Amino acid sequence: PEGTNVNNVGTVPSTLRNHDLKWETTEQWNLGFDLGFLNDRIGITLDLYSKTTRDLLLNANMPLSSGYVSSMKNIGKVRNQGIEFTLNTVNIKNKKFTWETNFNIAFNKNKVLALTEGQTTLTTAASFDQNFNTQQSYIAKVGQSMGSMYGFVYEGKYDDFDKSGDTYTLKPTVAHYTSENNTQPGMPKYRDLNGDGIIDDNDRTIIGNGLPVHTGGFTNNFTYGDFDLSVFFQWSYGNDVLNANRLFFESGWNKARELNQFASYADRWTEDNPYSDIPRATASSSNRVFSSRVIEDGSFLRLKTLTLGYTVPKKLLTRFRIDNLRVYFAAQNLWTLTNYSGYDPEVSIRNSALTPGLDFSAYPRARQFSFGVNLGF
């Protein structure tokens, strides 16, 4: 009521209803071959495909006169094209010993064909911490792949200064970060892509992609008498990882948190260590942005599964009325070959095709060991 301090609860519509929403539509064609040679001791499977998904649900920008910012529409379009190849071989086969191999590899190329009306790019902020949730870290661009990482191109540290006594002044011909008025030696330096003399959001670009060029697996199965051994490797090649951990633990911008740092941070830039690739400890805003410094190669080769088993001969089981008995030992994630500095290159904490390959405090895949018995009556 008027003249009182009582708050009245009200509601207001925040999005515009769209009665024309429908399911997404997928069109796909496949061309496949299955070939066998030498009494099927060599088998080849080849699959070529092209898959186009249209009417994707996206928030389309609305004119301001409508009173709404955006509305959900069926308007996006994406295409995936690729090839999958499988090779099965029986390398050795006799009464006591067999060796069989399975090799598969898959190539996929993703392309954004359309976004909302008149839109050529769609940026996304992959949320993981309040200090970075408002920064756009991924971009989908018409004509290019989804899952592209977005930020600045890191060029090392600033070292182009005029010095007067103990005062350093950045040379006027060197571009500086727009929100910094007193750039000092050791601060992070980014590429001025548009050549306007300052580093701002207009200099952000694609700095990586979380989608691999190809993935695959390689399995070898061995039997010798009553023993069997299976060894399975898997790999991914050409994908990048946005290692957001380094924004916190290889950067001294947030002293208020008093966070422990990676061991590598001990080698940061100082006056006594001017050639380090890690910026100096500074709370400057340029030290809190996404850049190619934290984009790493996520390619890996992993010994995914190893299984060793023994099948008890049937003549020993007859008296117990058991048809078959096999005991086995299995191990997973035993070994990984990668250049990624984090715990696990096979990581993505956001389950979205728009934000693949983001690593922030992700728990690595555990090494697992198990023992089992297969029993049949």
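Notes on the structure in this doc start here. (Residues numbered from 1 in each chain as written. Predicted model: local features only at pLDDT ≥ 70, side-chain atom pairs only at ≥ 80, totals over all residues. Heavy atoms only, no water.)

1. A short note on the overall build of the protein chain
Inference 1: Counting its regular elements, the protein chain contains 1 helix and 22 strands.
Inference 2: Here the C-alpha atoms of the protein chain give a radius of gyration of 28 Å, more than 25% beyond the 21 Å that 2.2 N^0.38 yields for 377 residues.
Inference 3: If you line up the protein chain on its principal axes, its C-alpha atoms span 90 × 65 × 55 Å.
Inference 4: A buried classification covers 37% of the 377 residues belonging to the protein chain.
Inference 5: Sequence separation of at least 24 residues holds for 65% of the intrachain contacts in the protein chain that already meet a minimum separation of 6. (Helix = DSSP H or I, 4+ residues; strand = E, 2+ residues; numbered from the N terminus. Rg over C-alpha atoms; globule rule 2.2 N^0.38 Å. Buried < 20%, exposed > 50% of the residue type's maximum accessible area, 1.4 Å probe, protein only. Contact = heavy atoms within 4.5 Å.)

2. Looking at the pattern of salt bridges
Inference 1: All chains considered together, the criterion is met by 14 salt bridges.
Inference 2: Residue Asp228 is joined to Arg326 by a salt bridge in which the shortest nitrogen-to-oxygen separation is 2.8 Å. Remark: Arg326 occurs in strand β20 (residues 324-338) and Asp228 occurs in strand β16 (residues 227-237); sequence separation between them is 98 residues. Of the two residues, Asp228 and Arg326, neither departs from the other in class, the shared state being buried.
Inference 3: A salt bridge links Arg246 to Glu296; the shortest N-O distance between them is 3.2 Å. Of this pair, Arg246 sits in helix α1 (residues 245-249) while Glu296 sits in strand β18 (residues 295-297), and the two are 50 residues apart along the sequence. (Salt bridge = Lys/Arg side-chain N within 4 Å of Asp/Glu carboxyl O.)

3. A few points about the sheet that holds strand β14 (residues 205-209)
Inference 1: Judged by pairing direction, the sheet is antiparallel, and its 4 strands sit side by side in the order β5-β6-β7-β14 without closing on themselves. Both outer strands of the open sheet, β5 (121-124) and β14, are each paired with one neighbouring strand and no more. Within this sheet the neighbouring strands show an average axis-to-axis angle of 40°, counted without direction. (Pairing = 2+ DSSP bridges. Axes fitted to C-alpha atoms, helices over the stretch in contact; angles between N-to-C directions.)

4. A few points about the side chain of Lys304
Inference 1: Mapping Lys304 onto the fold places it in strand β19 (residues 300-311).
Inference 2: One buried charged residue, Lys304, remains without a salt bridge, the closest side chain of opposite sign being Glu346 at 4.6 Å. (Lys, Arg positive; Asp, Glu negative; His and termini not counted.)

5. Concerning the environment of Arg280
Inference 1: Tracing the backbone shows Arg280 in the loop between α1 and β18.
Inference 2: Considering only alpha carbons, one finds Arg280 and Arg246, 34 residues apart in sequence, at a separation of 14 Å.
Inference 3: The contact partners of Arg280, leaving out residues within four places of it in the chain, are Gln184, Pro185, Gly186, Met187, Trp269 and Asn287.
Inference 4: A distance of 2.7 Å separates a polar atom in the side chain of Arg280 from the backbone oxygen of Pro185. (Polar contact = N/O pair within 3.5 Å; in protein donor to acceptor, adjacent residues only side chain to side chain.)

6. Remarks on the nonpolar core
Inference 1: Membership of the largest hydrophobic core comes to 17 residues, with the highest contact counts inside it found for Phe128, Phe132, Leu242, Ala244, Leu247, Phe248 and Leu358.
Inference 2: Of all hydrophobic cores here, the second largest spans 12 residues; its members include Phe152, Tyr154, Tyr177 and Tyr190. (Core = buried A, V, L, I, M, F, W, Y, C linked by side-chain atoms within 4.5 Å.)

7. A look at the side chain of Ser71
Inference 1: Looking at the secondary structure, you find Ser71 in strand β3 (residues 70-93).
Inference 2: Contacts of Ser71, omitting those with residues within four sequence positions, involve Leu16, Asn18, Leu58, Asn59, Ala60 and Met62.

8. Regarding the environment of Ser264
Inference 1: Mapping Ser264 onto the fold places it in the loop between α1 and β18.
Inference 2: Sequence spacing of Ser264 and Arg350 is 86 residues, and the spatial spacing of their C-alpha atoms is 26 Å.
Inference 3: Those residues in contact with Ser264, other than ones at most four positions away along the chain, are Glu250 and Ile278.
Inference 4: Among the polar contacts made by the side chain of Ser264, one reaches the side chain of Glu250 at a distance of 2.5 Å.

9. Regarding unusual backbone geometry
Of all residues except glycine, most have a negative phi; of all peptide bonds, most are trans.
Inference 1: One non-glycine residue with positive phi stands out, namely Asp55, at about 60°.
Inference 2: Inspection of the secondary structure puts Asp55 in strand β2 (residues 42-61).
Inference 3: Located in the positive-phi region is Ser361, a residue other than glycine, with phi close to 55°.
Inference 4: Residue position: Ser361 is located in the loop between β21 (358-359) and β22 (368-376).
Inference 5: Here Ser361 falls in the exposed class, since its relative accessible area comes to 54%.

10. Observations concerning the pairing of strand β1 (residues 25-37)
Inference 1: Bridging between β1 and β2 involves 13 bridges; their strand directions are antiparallel. Its bridge partner lying in β2, Glu27 is registered against Thr52.

11. Concerning the environment of Asp323
Inference 1: Structurally, the position occupied by Asp323 is in the loop between β19 and β20.
Inference 2: On the basis of relative accessible area, Asp323 is assigned to the partly exposed category, the value being 43%.
Inference 3: Taking the C-alpha atoms as reference points, Asp323 and Thr178, 145 residues apart in sequence, are found 76 Å from one another.
Inference 4: Those residues in contact with Asp323 that lie beyond four places of it in its chain are Lys314, Leu317, Gly376 and Phe377.

12. A closer look at the sheet that holds β16
Inference 1: Reading across the sheet, the 9 strands line up as β1-β2-β3-β4-β15-β16-β19-β20-β22 and stay open at both edges, with antiparallel pairing between neighbours. Of all strands in the sheet, those with a lone pairing partner are β1 and β22, marking the two edges. In this sheet, neighbouring strand axes are inclined to one another by 15° on average, regardless of whether the strands run parallel or antiparallel.

13. Looking at a nonpolar patch on the surface
Inference 1: A contiguous nonpolar surface patch, about 630 Å² in accessible area, is contributed by Trp29, Leu31, Phe33, Leu35, Phe37 and Leu38.
Inference 2: Relative to the helices and strands, Trp29 is located in strand β1. (Patch = residues over 30% accessible without salt bridge, like charges linked within 9 Å, V, L, I, M, F, W, Y side chains within 5 Å. Areas by Shrake-Rupley, 256 points an atom, 1.4 Å probe, with all protein chains shown as cover.)

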